[in-house]
Amino acid sequence: MGNKKNEIIKYENLKDSPNFQQSFDLHKELTLIELGDKEEHFHRSTLTSINNQIKNHSIIDPKTGILYFRVEGIHNILRTSPGIARNLVYQGVPPELNASPIINHNSKDYISQSSLMAILDYSISFSTGSKTRYMNYVTTSIGLFKTFEYLKNIRNKIAKNTRYSKSKMKSKKIKIDKIDRCQFTNKVFKSVREVEFAYIDSSYDQSSLIGDIKNGVIILKEIHAEMNKQNINDFVAMYKFCEKNNYDLSWTEKIDW
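Residues numbered from 1 in each chain as written. Predicted model: local features only at pLDDT ≥ 70, side-chain atom pairs only at ≥ 80, totals over all residues. Heavy atoms only, no water.

Draft legend 1. Quick peek at the nonpolar core. In this structure, I54, I74, L116 and F145 are the most contacted members of the largest nonpolar core, which totals 37 residues. Breaking this core down by element, the ones donating at least two residues are α1 (20-35), α2 (44-56), β4 (66-70), α3 (75-78), α4 (82-90), α5 (113-124), α6 (130-143) and α7 (149-176). The element best represented in this core is α6, accounting for 5 residues. Look past the residues within four positions of F145 in its chain and what remains in contact with it is L14, F24, H27, I54, L67, Q113 and L151. With 23 residues, the next largest nonpolar core counts Y199, I223, I232 and W251 among its residues. (Core = buried A, V, L, I, M, F, W, Y, C linked by side-chain atoms within 4.5 Å. Buried < 20%, exposed > 50% of the residue type's maximum accessible area, 1.4 Å probe, protein only. Helix = DSSP H or I, 4+ residues; strand = E, 2+ residues; numbered from the N terminus. Contact = heavy atoms within 4.5 Å.)

Shown next, in the form of structure tokens:
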């Protein structure tokens, strides 16, 4: 099983967040718009099962804006049996899918949004027929929580506090690691204003690594902007992004967590 963290954080229920119902109704509308689909093309009972699991059994870390989903009942989101869902969470399918890190809240296990997205990314490749439509719905819905009003407000506050920190991290990493080129393209830069420090594991999900220069790469501004656009914020997503674009992967050799 994934490592469990003892509860030292006062988590909040997603459904108790300010303006929840209004925000969640908008979230469901945006999910369908993003898919280019209509609600009538889905079984209402299935969508209700998915959305009830999300809204009634998800919690927020109010200090980071990280969203966590309860393992019990998560098969309703993953569109599979309870047994298979538990195996995907606790055991994974190495090497393609690692076991998910677990937090415990009120004697229930939860996994983070990024862990759930990794499971969905793995599972959707094996989906066929009508299940593919529901998996696309779920994947889109979970991914779109980055735009959820309350979570976005928390992260905006964090971003304001860490903006200067990222600037210092960039300067520190360039100096200590003697970097003179983009770590993805190997293009030499003439000014530090041409590049950005990009977290490998987002500081939202890995707050303990926020001050560690090993948890980042120096890349061209335009690449950093594209990664933000694609919501790439963890090691797996960054690795796949580099593979897709034929970028240098030597930065992975220094990852030791």
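Draft legend 2. Main features of the pattern of salt bridges. The full count for this structure, using the stated rule, is 8 salt bridges. When the shortest N-O distance is used, the salt bridge between R70 and E72 registers 3.9 Å. For R70, a relative accessible area of 14% corresponds to the buried category. Exposure remark for E72: the relative accessible area of 43% places this residue in the partly exposed category. A salt bridge links K221 to E196; the nearest nitrogen and oxygen atoms lie 2.5 Å apart. Residue K221 is located in helix α8 (residues 221-229), and its partner E196 is located in strand β7 (residues 195-199); the two are separated by 25 residues in the primary sequence. We classify E196 as partly exposed; its relative accessible area is 23%. (Salt bridge = Lys/Arg side-chain N within 4 Å of Asp/Glu carboxyl O.)

Draft legend 3. Broad picture of the packing of aromatic side chains. Using the criterion set out here, one finds 14 aromatic pairs in the structure. Taking the centre distance of 5.0 Å and the plane angle of 55° together, the rings of Y122 and F126 count as tilted. An aromatic cluster is defined as three or more aromatic residues linked by ring pairs; in this entry it consists of F184, F235, Y239, F241, Y247 and W251. A cation sits over an aromatic face here: R133 above F42, 5.5 Å from the ring centre. (Phe/Tyr/Trp six-rings, centres within 6.5 Å; stacked < 30°, edge-to-face > 60°. Lys NZ or Arg CZ within 6 Å of the ring centre and 35° of its normal.)

Draft legend 4. Up close: the pairing of β4. Of all 5 residues in β4, 5 are buried, a share of seventy percent or more. Here β4 shows a buried face lined by I66, Y68 and R70 and a second buried face lined by L67 and F69. The pairing of strand β3 (residues 58-61) with β4 spans 4 bridges and is antiparallel. Bridging across to β4, D61 finds its partner in I66. In this structure, the hairpin formed by β3 and β4 is closed by a connection of 4 residues, where G65 is found at a positive phi of approximately 80°. (Pairing = 2+ DSSP bridges.)

Draft legend 5. Summary view of the environment of D61. Topologically, D61 is positioned in strand β3. On the accessibility criterion, D61 (5% relative accessible area) is buried. When residues no more than four places from it in sequence are discounted, the contact partners of D61 are I9, Y11, I66 and Y68. There is a polar contact of 3.0 Å between the side chain of D61 and the backbone nitrogen of K63. (Polar contact = N/O pair within 3.5 Å; in protein donor to acceptor, adjacent residues only side chain to side chain.)

Draft legend 6. Examining α6 more closely. Taking 1.5 Å per residue as the helical rise, α6 with its 14 residues ought to reach 20 Å, and the 20 Å between its terminal C-alpha atoms agrees with that figure. Along α6, the residues classified as buried are Y134, M135, Y137, V138, T140, S141, I142 and G143. Buried residues along α6 sit against α1, α2, β4, α3 and α5. (Expected span 1.5 Å × (residues − 1).)

Draft legend 7. The side chain of D109, seen in detail. Along the chain, D109 turns up in strand β6 (residues 108-112). Engagement of the side chain of D109 in a polar contact is seen with the side chain of N104, the distance being 3.0 Å.

Draft legend 8. Region of interest: the packing of α2 against α6. Interhelical geometry of α2 versus α6 gives an angle of 30° and a closest axis separation of 12 Å. Considering their axes alone, α2 and α6 lie roughly parallel with respect to each other. The crossing of α2 and α6 is right-handed. Counted together, T46, L47, I50, N51 and I54 of α2 and Y134, Y137, V138, S141 and I142 of α6 form the full contact between these two elements. (Axes fitted to C-alpha atoms, helices over the stretch in contact; angles between N-to-C directions. Parallel < 35°, antiparallel > 145°, perpendicular 65-115°, else oblique. Left-handed = near helix turned anticlockwise from the far one by under 90°.)

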